[in-house]
Amino acid sequence: MDTKIGSLDVAKPPCNDIVSCNHTNSTAIQPCVPSAATNGCGDSTLGGHLARRLVEVGVTDVFSVPGDFNLTLLDHLIAQPALNVVGCCNELNAGYAADGYARARGVGACVVTFTVGGLSVLNAIAGAYSENLPLICVVGGPNSNDYGTSRILHHTIGLPDFSQELRCFQTITCFQAVVNNLEDAHELIDTAISTALKESKPVYISISCNLPGIHHPTFSCDPVPFSLSPRLSNKMGLEAAVEAAAEFLNKAVKPVLVGGPKLRVAAAGDAFVELADACGYALAVMPSAKGQVPEHHPHFIGTYWGAVSTAFCAEIVESADAYLFAGPIFNDYSSVGYSLLLKKEKAIIVQPDRVVIANGPAFGCVLMKDFLKELAKRLKHNNTAYENYHRIFVPEGHPLKAAPKEPLRVNVLFQHIQKMLSGETAVIAETGDSWFNCQKLKLPKGCGYEFQMQYGSIGWSVGATLGYAQAVPEKRVIAFIGDGSFQVTAQDVSTMLRSQQKTIIFLINNGGYTIEVEIHDGPYNVIKNWNYTGLVDAIHNGEGKCWTAKVFCEEELVEAIATATGPKKDSLCFIEVIVHKDDTSKELLEWGSRVSAANSRPPNPQ
């Protein structure tokens, strides 16, 4: 799982004394020994300080859109040898790219300009907040002399009040810093970055446009290191929680484990696997946690998603007499319109810093990682639930054999996608039917997987693919994007090409917003069809390595995959897959009807 913050093996910062920082095991971030990689003592400016701090925590790529308020700042970021500034086509995609980057590296950053840029990136930052991602959003702000005056500036809504952007960010970031003087700039920047790492949420930093190039003693080449206060479990609370949980689970006949998306923010993935190894329980994963639990684990039984779970998984989970959920999020989407057949009295819910056992008691100040590690030592081995799963399991059937030149079916497409996956690949799934089709993929050891379930912003995957691929160039990213989603954010295929990425994009062209169709159909779900391969060819314009194909049948798909993984393996490959507008997974049909029912509930009588 590629979720380390400031990870030496992934981010490769320029000196060896940078330590990993995460939500639950935080330590001081030490200053680097001056070197060519960090620009040594050559840039004791605000801009140079910000650049060094980003590199120190593991950010080596910053996604940006230039504007007159951030140009000087960008000069100083570019001057940092260990930092690569990636210019994006728009602010929304820059934010999505920082989101994707943070998923792989553990922290991401974007730089935009005041208000017109800040309000454009807002949606991406909100998505990162919902997914608990540390993301540093830097905005080039007004000249420091303009604060406190009645001047009206461009890029604003025409009022002398410059706080509109700040007020918008206050609801979707965990810390906001407005840097309009040099005296406290060092402290504000360091506090913002450390808060992002501690809280695993986005932060907002506004830097006045006339300040980045000014030298100041606090921006010396060896700045005072800032530290992240370690988060520790209350020892008595931890012991009590473990004792109560062990008693609860050890008397169960067929208990199960289910991993949730907050395993990432708690940095508890390894502890969860340690628990699974020790107890022998059947091991499932919630849909938004796919990729955070190893699917090659011997007791892994699939995705638990209520009525649309992978085969035989829901039956085992919902028939268990005890289940431990580690880091779950139960919303209307993950609960399939609030239709999960779970009972509170059977559940242990473990959140990043809290444990709740059945209808009580609850234990606060108990960190998930510590709890899972200690619980692993106290549980009796019990593989009853897994044996039941193994007993009733019937291997999935194969799609009906396609006739020669028969129009391609989605189930046939994903049968071939499965064969492409390895530890050297990563999957990005866009909001839509790709959610359901990709959930059924079996991830080999080391294969990455990301999608945005809580926020579900259509178009997220284009920017996220750009950022994720930039963060882990050793992996080949395979993205699945619907035609409707692609039309929202298509421009930054251009940035993928400029960055010489080798991603494979499968554009699933079914003529509209299929996921919306299955929730509530209407003419608004039909979109104008594009010549998508023609569009990408035009964006390519002969610069960089790019290959496109349009496939209508299985034979053409097989040929396209062979080309993308063979002669064109070093190119960005864009494969447009033409499928029928009603060709959806059975899971989407079921899920859509249940979500529709939840959305259309009549008002409760007063």
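An unreviewed UniProt entry annotates the protein chain as pyruvate decarboxylase of Vigna mungo. What UniProt records for the protein chain under Sequence similarities (unreviewed entry) is the sentence "Belongs to the TPP enzyme family." You can read under Subunit (unreviewed entry) in the UniProt record for the protein chain the words "Homotetramer."

> I keep staring at the sheet that holds strand β7 (residues 256-259) and nothing clicks. Help me out?
Read across the open sheet, the seven strands follow the order β9-β8-β7-β10-β11-β12-β13; overall the sheet is mixed. Looking at the sheet topology across the chains shown, the edges are occupied by β9 (300-303) and β13 (362-364). Each strand of the sheet is rotated relative to its neighbour by a mean of 15°, with strand direction disregarded. Strand contacts of helix α8 (residues 235-250): β10 (323-326), β11 (347-351), β12 (354-357) and β13, with the helix running at about 35° to β12, the strand carrying the most contacts. Together, β7, β8 (282-285) and β9 form the strand contacts of helix α12 (residues 384-392), whose direction differs from that of β9 by roughly 75°.

> Help me understand the confidence of the model for the protein chain, please; the structure alone is not making it clear to me.
Close inspection of predicted coordinates is inappropriate for parts of the model with low pLDDT. Summing up the model confidence of the protein chain, the mean pLDDT is 89 and the portion of residues at 70 or higher is 90%. Overall, residues 1-40 carries pLDDT values under 50, and its contacts beyond four positions in sequence, including any with other chains, amount to 119 contacts.

> What is the right way to read the pattern of salt bridges from this model?
Proximity of charged atoms lets side chains of opposite charge pair with each other. Evaluation of the coordinates by the stated rule reveals 16 salt bridges. Between Asp161 and Arg167 there is a salt bridge; the shortest N-O distance is 3.2 Å. For Arg167, a relative accessible area of 44% puts it in the partly exposed group. For Arg264, the salt bridge goes to Glu450, with nearest N and O atoms at 2.8 Å. With Arg264 in the loop between β7 and α9 (269-279) and Glu450 in strand β15 (residues 448-451), this pair connects stretches of sequence that are 186 residues apart. You can call Arg264 buried: its relative accessible area is 16%.

> Got a minute to help me understand the pairing of β8 in this structure?
A regular strand places its side chains so that they alternate between the two faces of the sheet. Alternating positions in β8 separate into two faces, Ala282 and Ala284 on one and Leu283 and Val285 on the other, with burial throughout. With four bridges connecting them, β7 and β8 associate as parallel partners. Bridging across to β8, Leu257 finds its partner in Leu283. Tracing the backbone out of β7, into α9 and back to the parallel element β8 gives a crossover that is right-handed. The pairing of β8 with β9 spans three bridges and is parallel.

> Would you mind going over the packing of α8 against helix α11 (residues 368-376) with me for this structure?
Two quantities define a packed helix pair, namely the angle between the axes and the distance from one axis to the other. Relative orientation of the contacting elements α8 and α11 amounts to 50°, with a least axis distance of 10 Å. With respect to α11, the element α8 is oriented oblique. Crossing hand, α8 versus α11: right-handed. Together, Leu238, Ala241, Val242, Ala245, Ala246 and Leu249 of α8 and Asp370, Phe371, Glu374 and Leu375 of α11 make up the contact between the two elements. Here the contact of α8 with α11 is composed, by residue class, of eight nonpolar, no polar and two charged.

Rules used throughout
- Residues numbered from 1 in each chain as written.
- Predicted model: local features only at pLDDT ≥ 70, side-chain atom pairs only at ≥ 80, totals over all residues.
- Heavy atoms only, no water.
- UniProt positions renumbered as here; feature names shortened; annotations may be inferred.
- Pairing = 2+ DSSP bridges.
- Helix = DSSP H or I, 4+ residues; strand = E, 2+ residues; numbered from the N terminus.
- Axes fitted to C-alpha atoms, helices over the stretch in contact; angles between N-to-C directions.
- Contact = heavy atoms within 4.5 Å.
- pLDDT = per-residue confidence, 0-100.
- Salt bridge = Lys/Arg side-chain N within 4 Å of Asp/Glu carboxyl O.
- Buried < 20%, exposed > 50% of the residue type's maximum accessible area, 1.4 Å probe, protein only.
- Right-handed = clockwise from strand over helix to strand, strands pointing away.
- Parallel < 35°, antiparallel > 145°, perpendicular 65-115°, else oblique.
- Left-handed = near helix turned anticlockwise from the far one by under 90°.
- Nonpolar A, V, L, I, M, F, W, Y, C, P; charged D, E, K, R; others polar.

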